[in-house]
Amino acid sequence: MWNPPAVDTMMARNDQESLTELGNSYKAAIDNVGIKTIMPKDMKDTLRQGGTFVFKGSAPIFEHYDSKVGDNSDIQEILAAIRG
């Protein structure tokens, strides 16, 4: 999950304050419920990625499949698809 390209992408989009807050949130969650509760039962589940999809009715008009963490679709491309 925290491979170098993903970390580089997160560093480019966020400032130190927001990254510190993210780290503090993870630590608080682990302190609250424990690491074993947060971890997936099967490590292959950490390989699942997300995506962004825009539909007009039932027809997809924009599809982006994340190849890794931080591989988000460009907001301008999403808006262009919505605007048609």
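The paragraphs below set out a description of the structure included in this document. Just so it is clear, the model here is predicted, and its values are computed rather than measured.

Let us look at the packing of aromatic side chains. Scanning the model with the defined rule gives one aromatic pair in all. Measuring from ring centre to ring centre gives 5.1 Å for Phe53 and Tyr65, while their planes differ by 75°; the resulting arrangement is edge-to-face. Of this pair, Phe53 sits in strand S1 (residues 51–56) while Tyr65 sits in strand S2 (residues 59–65); the two residues are 12 residues apart in sequence, bridging distant segments of the chain.

Pairing between side chains becomes possible if they bear opposite charge and their charged atoms approach one another. One pass over the full model with this rule turns up one salt bridge. Across the pair Asp31 and Lys27 runs a salt bridge, and its minimum N-O distance is 2.6 Å. Taken together, the residues Asp31 and Lys27, both in helix H2 (residues 16–33) and four residues apart, mark about one turn of the helix. By relative accessible area, which is 49% here, Lys27 ends up partly exposed.

Let us now look at the side chain of Asp71. Here Asp71 is to be found in the loop between S2 and helix H4 (75–83). At 2.8 Å, the side chain of Asp71 and the backbone nitrogen of Ser67 are in polar contact. Residues contacting Asp71, with those up to four places away along its chain left out, are His64, Tyr65 and Asp66.

Let us now look at H4. Its side-chain oxygen at 3.0 Å from the backbone nitrogen of Gln76, Asp74 defines the N-terminal cap of H4. Where H4 ends, the next residue or the one after it, Gly84, has phi of about 80°, a positive value.

Criteria and thresholds
Residues numbered from 1 in each chain as written. Predicted model: local features only at pLDDT ≥ 70, side-chain atom pairs only at ≥ 80, totals over all residues. Heavy atoms only, no water. Phe/Tyr/Trp six-rings, centres within 6.5 Å; stacked < 30°, edge-to-face > 60°. Helix = DSSP H or I, 4+ residues; strand = E, 2+ residues; numbered from the N terminus. Salt bridge = Lys/Arg side-chain N within 4 Å of Asp/Glu carboxyl O. Buried < 20%, exposed > 50% of the residue type's maximum accessible area, 1.4 Å probe, protein only. Polar contact = N/O pair within 3.5 Å; in protein donor to acceptor, adjacent residues only side chain to side chain. Contact = heavy atoms within 4.5 Å.

As far as function goes, none of this settles anything; it's purely spatial.
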